[in-house]
Amino acid sequence: MRSMQLFSFLLCVLFLDAHITTDNGKCEDVSHNCAVISCGTHSHSGLPGRDGRDGKEGEKGEKGERGAQGSRGIQGPPGKLGPPGVKGERGSVGQKGEQGISATSEVDVVKQQLNAFQRELETFQASLAKYKKILLFHGGKQSGDKVFVTNGLEENFENAQRTCKEAGGALATPKSAAENSAAQEILHTKGETVKAFLGISDLQVEGVFRYLTGEKIIFTNWNLGEPNNSKDNEDCVEIQDNGKWNDIPCNLLRLVICEFQ
Ligand code: GN1
Ligand code: CA
Ligand code: CA
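The model shown is predicted, which means the values in this text are computed figures rather than measured ones.

*Asks:* Can you explain the packing of aromatic side chains? Please cite residues and give values.
*Replies:* Enumeration over the complete set of coordinates arrives at four aromatic pairs. Centre to centre, the rings of F219 and W245 are 5.8 Å apart; their planes meet at 80°, and the pair counts as edge-to-face. Of this pair, F219 sits in the loop between strand 7 (208–211) and strand 8 (236–239) while W245 sits in strand 9 (residues 245–248); the two residues are 26 residues apart in sequence, bridging distant segments of the chain. For W245, a relative accessible area of 0% gives the class buried. Ring pairing ties together the aromatic residues F209, F219, W222 and W245, which thus form one cluster.

Shown next, in the form of structure tokens:
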């Protein structure tokens with residue numbers, strides 16, 4: 001046996017690539033492992049050989065057991081609105097209400113309201129009549145519901161218009177012969193040749209005279225040959241002591257006569 005090992009060793013050293021057949025018939029490659037004689041018994045042999053090369057990859061293993069349950073996930077978005085529920089049962093009958101007002105009583109209530117309103121109207125009319133009397137006391141002249149009164153001052157058209165408006169009235173605007181006469185009477189209380197502005201102009205469209213409200217005039221009392229828009233600069237209207245009208249420049253000063261109704 002010893003001679004066999006020696007032989008193997010020599011073979012290994014000499015050829016560096018050989019196979020040795022051991023006692024048990026198995027063979028080992030000694031080509032890369034010359035320092036170790038693997039074949040045969042090792043009872044009297046040298047150092048152990050190096051590890052062999054990795055073997056081929058084994059076959060795929062069997063499927064493992066099911067893992068433990070994972071932790072709870074975050075809450076998902078709200079779901080869609082469900083279908084409407086079925087109609088509920090009819091409720092029980094409610095308590096009896098208070099007795100209503102009879103048709104006759106309702107008429108009585110309206111009658112009472114109407115009477116109260118009428119009394120208020122009478123009070124208002126009484127106070128209006130009182131103020132009209134005050135205006136007449138101060139030289140005012142009445143025609144129908146309208147009262148003309150002057151502040152005794154002369155102003156240009158624009159200021160005269162504002163003065164009357166601020167007093168709660170309007171620049172004198174006679175719309176009938178009677179009203180024109182009432183305005184004329186005011187002039188007479190102030191002198192022989194006094195003239196006053198009327199609430200009429202053709203400032204918007206030359207030759208088309210309108211009231212300050214914008215409406216076209218419905219009554220006129222022009223002097224002969226008027227309105228003539230003299231010097232192409234007459235857009236306002238004056239009433240003269242004879243009651244006749246003449247168009248004049250708006251920047252002239254004329255008596256302020258206001259009307260209240
Ligand atoms: C006056 O002064 P005279 O003749 O230029 C009057 C006109 C009249 C005109 C009638 C400021 O103009 O409005 O149409 O007489 N001018 C003024 O003849 O009163
Ligand atoms: Ca004019
Ligand atoms: Ca004129």
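*Asks:* Just give me the short version of helix 4 (residues 177–188), but keep the residues and values in it.
*Replies:* Taking 1.5 Å of rise per residue, twelve residues should cover 16 Å, and helix 4 covers 16 Å from first to last C-alpha, within 8% of that figure. Looking at helix 4, one finds that the buried residues are E179, N180, A182, A183, Q184, I186 and L187. On the buried face of helix 4, the contacting elements are strand 3 (141–143), strand 4 (146–155), strand 6 (196–205), strand 8, strand 9 and strand 10 (254–260).

*Asks:* How would you explain the pattern of salt bridges if you had to name every residue and give the values?
*Replies:* Taken as a whole and judged by the stated rule, the model has three salt bridges. The partner of K146 in a salt bridge is E259, and the shortest N-O contact between them spans 3.1 Å. Of the two residues, K146 sits in strand 4 while E259 sits in strand 10, which places them 113 residues apart along the sequence. Neither K146 nor E259 differs from the other in exposure class; each is buried. Residues joined by salt bridges that share partners form a network here, namely K146, E179 and E259.

*Asks:* Describe the coordination of the calcium ion (ligand 3), naming the residues involved and giving the relevant values.
*Replies:* Those donors, E226 (OE), N228 (OD1), E234 (OE), N246 (OD1), D247 (O) and D247 (OD), are the protein atoms that reach the calcium ion (ligand 3), and they lie 2.2 to 2.6 Å from it. Taken in sequence order, the residues that donate to the calcium ion (ligand 3) follow the motif E-x1-N-x5-E-x11-N-D. Placement of the pair is E234 in the loop between strand 7 and strand 8 and D247 in strand 9, with a sequence separation of 13 residues. Assigned by exposure class, E234 and D247 land together as buried.

What counts and how
Residues numbered from 1 in each chain as written. Chains lettered and ligands numbered in written order. Predicted model: local features only at pLDDT ≥ 70, side-chain atom pairs only at ≥ 80, totals over all residues. Heavy atoms only, no water. Phe/Tyr/Trp six-rings, centres within 6.5 Å; stacked < 30°, edge-to-face > 60°. Helix = DSSP H or I, 4+ residues; strand = E, 2+ residues; numbered from the N terminus. Buried < 20%, exposed > 50% of the residue type's maximum accessible area, 1.4 Å probe, protein only. Expected span 1.5 Å × (residues − 1). Contact = heavy atoms within 4.5 Å. Salt bridge = Lys/Arg side-chain N within 4 Å of Asp/Glu carboxyl O. Donors = N, O, S within 2.8 Å, 3.2 Å for Na, K, Ca; no water.

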